[in-house]
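Close look at the chain arrangement
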Amino acid sequence: VPVDPFDLVVFGATGDLARRKLIPALYHRLHDGQMPDAARIVGAARSDLSADAFRNMAAEALEEFVRPADLDAQTQKRFLSCIDYAQVDATSSEGWSDLAAAMPPREGRPRAFYLSVAPRFFGPMAERIHEAGLSGADSRIVIEKPLGHDLASARELNATLAAHFHEHQVYRIDHYLGKETVQNLMALRFANALFEPLWNARHIDHVQITVAESVGVEGRGPYYDGVGAMRDMVQNHMLQLLCLIAMEPPGRFEPDAVRDEKLKVLRALAPHDHPEDVVRGQYAAANGTASYREDAESPDSRTESYVALKAEVANWRWSGVPFYLRTGKRLRTRVSEIAVVFKEAPHSIFPAASGRWAQNVLAIRLQPDEGITLGMTIKDPGPGGMRLAPAVLDMTFADAMSSSKLRMPDAYERLVMDVIRGDQTLFMRGDEVEAAWEWVDPIIAGWEERGDRPVSYDPGSSGPEDALMLLHRDGRRWREIA
Ligand code: BG6
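So, a few notes on the structure that sits alongside this text.

Rules behind the numbers
Numbering of residues starts from 1 in each chain and follows the order in which that chain's sequence is written. Local features are withheld for residues below a pLDDT of 70 in this predicted model, meaning they are given only at 70 or higher, and side-chain atom pairs are given and counted only at 80 or more; totals for whole chains, interfaces and linings count all residues. Computation of side-chain values: all heavy atoms of the structure, hydrogens and water removed. Buriedness for pockets is judged along seven lines, at least five of which must meet protein on both sides within 12 Å for an open set on the 1 Å grid over protein atoms alone, while cavities are sets there where a 1.4 Å probe fits but cannot get out, and lining residues have an atom within 4 Å of a point. Grid points are joined across faces, edges and corners, and a volume is the space filled by probe spheres set on the points. Only runs of H or I of at least four residues qualify as helices and only runs of E of at least two qualify as strands under DSSP, and these elements are numbered from the N terminus. Polar here means any residue other than Ala, Val, Leu, Ile, Met, Phe, Trp, Tyr, Cys and Pro, which are nonpolar, and Asp, Glu, Lys and Arg, which are charged; Gly is therefore polar. Expected helix span is taken as 1.5 Å per residue step, with the number of steps being one fewer than the number of residues. For each residue, the accessible area found with a 1.4 Å probe, counting protein chains only, is set against the maximum for its type, and the residue is called buried under 20%, exposed over 50%, and partly exposed in between. Contacts between residues were defined by any pair of non-hydrogen atoms, one from each residue, lying within 4.5 Å. Only buried residues count toward a nonpolar core. Its members are Ala, Val, Leu, Ile, Met, Phe, Trp, Tyr and Cys residues joined through side-chain atoms within 4.5 Å. Pairing of aromatic rings covers Phe, Tyr and Trp, the last counted by its six-membered ring, and requires centre-to-centre distances within 6.5 Å; plane angles under 30 degrees mean stacked, over 60 mean edge-to-face, and any other angle means tilted. For a lysine, the NZ atom is tested; for an arginine, the CZ atom; a charge sits over a ring if that atom is within 6 Å of the ring centre and within 35 degrees of the ring normal. For each residue, the test is whether any non-hydrogen atom lies within 4 Å of the molecule or strand; if one does, the residue is near. The term polar contact refers here to a pair of N or O atoms within 3.5 Å; inside protein, the definition further demands a hydrogen-donor-capable atom paired with an acceptor-capable atom, and it admits residues adjacent in sequence only when both atoms are side-chain atoms. Note on areas: Shrake-Rupley with a 1.4 Å probe; residue coverage comes only from the protein chains shown.

Let us now look at the layout of surface pockets. If you add up the space inside the second largest pocket, you get close to 580 Å³. For the lining of the second largest pocket, the secondary structure elements donating two or more residues are strand 7 (204-212), strand 11 (335-342), strand 12 (361-367), strand 13 (371-379) and strand 14 (388-396). Among the residues making up the lining of the second largest pocket, the classes are represented as eleven nonpolar, eight polar and ten charged.

Put into structure tokens, the structure is as follows:
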């Protein structure tokens, strides 16, 4: 569905996120007929650039980050003609009045300000946008994690934003919510009658949420060190995934209805007071691969590049069902998935010689090979008598998309268009961010008080041994990272 013409100002337009994600995402939206030619994208940064020089940068970003099959000269030309540039300094008043003069409010035309800048500028820039008279009812402000470093700083940021914008104007991106399969998780749960009756502690044994990455922190050390996996991944992406699994069905698929339910889950998370239920890891050097400390250029660092933990949603639906979360860098392979592991059938009618049945596992794979699989037990085909064997019902979207030549859209494509449409369903509300910090902060404080050091793990492995023990102790095991 095409969106109405809009003005989008991208602050930090010469930075990495803009080049890798935002500019290609907007190009695709024009290419697919969703972004109108009358839309205007204003790159804004401190550099003294001409509009043409910035258009050249945008053209280079397209060459680098858009598949050649999707790059046609005609669309590229149309796209570049939507682009403008403004020199604006976040730390002074320089450039702001020119920007405001170039963007007079126009009835029905949304103006969005995407702050693709270091988080310390979020507050000051919100203030400047407001002072420049650009925070009117048609304006939206877009920011992305890190949204604070802890509860206190998240509250402060929310308060600054609230001083200049209404909550319905603030779009806090968690790019995981824009992923196709994550949205599919909501369709799966709430558009099918099959799962809801089973979606509770009576039938579900436990849930595993894995976000494994094969890359290290190369190049991002200055940001990552002192942040670590808990703040970088768990506080936001992983807890958002947990919310989508655990939340009650909202009354409507509308922003506050969905976000109210997610907030209830975050508030139901049991405070974490068992240090042995959290494993922190840091990758060591092995086989010629650098260690975390070398990658981050921080020789004594205690920052974790891996974390695994057991969480509990303390409410009627989930009482007693552990949610195991793990995420780490430099692991064997890149895979993100949510696995809902059902309880065993209550009684076997088959003789022991038939083989064991497996627990049913509903696995929602976010990447790669996006799709949903359901692990089942069936009769091994053939005349060999009643022998049980595992089988998988497989809905791999990636296959379906590639056979129809459709492209899996990037999360930012969906999210940026939602900003323009004014739909906050896939964005975090301020109270959600605070509730997530409220749960995470004491865990981090505990590490600091006890002087805990992360345990080391080999690059290319599936993480520290202690993480295996976390499940073994409960008589369970992690799914293979493969
Ligand atoms: C980011 C984290 O938010 O998500 C990165 O800061 C991480 O450390 C990235 O690599 C993972 O995103 P994706 O979409 O590649 O799974």
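Below, the discussion takes up empty space enclosed by the protein. Scanning the entire structure with this criterion turns up two cavities of 30 Å³ or more. Quantified by volume, the largest cavity comes out at close to 40 Å³. In terms of lining, the largest cavity is formed by Val10, Ala13, Ala18, Ile23, Leu26, Ile41, Val42, Gly43 and Phe54. Listed by contribution, the elements that provide at least two residues to the lining of the largest cavity are helix 1 (16-31) and strand 2 (40-45). Of the residues that constitute the lining of the largest cavity, the class distribution is eight nonpolar, one polar and no charged. Reported here for the second largest cavity is a volume of approximately 30 Å³. What lines the second largest cavity is simply Lys145, Leu147, Gln235, Asn236, Met428 and Val433. Taken together, the residues of the lining of the second largest cavity sort by class into three nonpolar, two polar and one charged.

Turning to helix 10 (residues 255-268), a few remarks are in order. Side chains three or four residues apart in an α-helix point the same way, a direct result of the helix having 3.6 residues per turn. Helix length check: helix 10 (14 residues) gives 20 Å between terminal C-alpha atoms against 20 Å at 1.5 Å per residue, within 8%. Of all the positions in helix 10, only Ala257, Val258, Arg259, Glu261, Lys262, Leu263, Val265, Leu266 and Ala268 are classed as buried. Elements in contact with the buried residues of helix 10: helix 9 (228-246), strand 9 (306-312), strand 15 (427-428) and helix 14 (430-450).

Before going further, it helps to spend a moment on the nonpolar core. Phe11, Phe79, Leu242 and Phe323 are the most contacted members of the largest nonpolar core, which totals 148 residues. Per-element accounting of this core gives the leading share, twelve residues, to helix 9. Those residues in contact with Leu242, other than ones at most four positions away along the chain, are Ile209, Val265, Leu269, Ala311, Val313, Phe323 and Leu325.

We now examine the packing of aromatic side chains. Tallying each qualifying case throughout the model produces twelve aromatic pairs. Ring centres of Tyr283 and Tyr457 lie 6.3 Å apart, and the angle between their planes is 70 degrees; on these two criteria the pair is classed as edge-to-face. Pair noted here: Tyr283 is in strand 8 (residues 278-283) and Tyr457 is in strand 16 (residues 455-457), with a separation of 174 residues, a long-range link. Three or more aromatic residues link up through ring pairs in this structure, and these residues are Tyr224, Tyr283, Tyr292, Tyr306 and Tyr457. Taking the ring centre of Tyr176 as reference, the NZ or CZ of Lys179 above it sits at 4.6 Å. Over the ring of Trp447 we find Arg280, and its NZ or CZ is 4.1 Å from the ring centre.

Bringing the site of the ligand into the picture now. Taken together, Lys145, His175, Tyr176, Lys179, Glu213, Arg220, Asp232, Met233, His237, Lys329, Arg334 and Gln367 make up the full set of residues adjacent to the ligand. A distance of 2.6 Å separates an oxygen atom of the ligand from a polar atom in the side chain of Lys179. Take Arg220: an N or O atom from its side chain is 2.7 Å from an oxygen atom of the ligand. For the ligand, the accessible surface in isolation is 400 Å², of which the surrounding protein chains cover 81%. Per-element accounting of the shell around the ligand gives the leading share, three residues, to helix 9.

Further remarks concern unusual backbone geometry. Geometrically, the link from Lys145 to Pro146 is a cis peptide bond, its omega value of 0 degrees lying close to zero. Locating Pro146 in the fold gives a position in the loop between strand 5 (139-144) and helix 6 (151-164). For Asn287, which is not glycine, the phi dihedral falls at a positive 45 degrees. Looking at where Asn287 falls in the secondary structure, it is placed in the loop between strand 8 and helix 11 (292-295). Judged by its relative accessible area of 79%, Asn287 falls in the exposed class. If you check the backbone angles, Glu297 has positive phi at about 50 degrees while not being a glycine. Under the relative-accessibility criterion, Glu297 is labelled exposed at 72%.

Read these as geometric descriptors, not functional statements.
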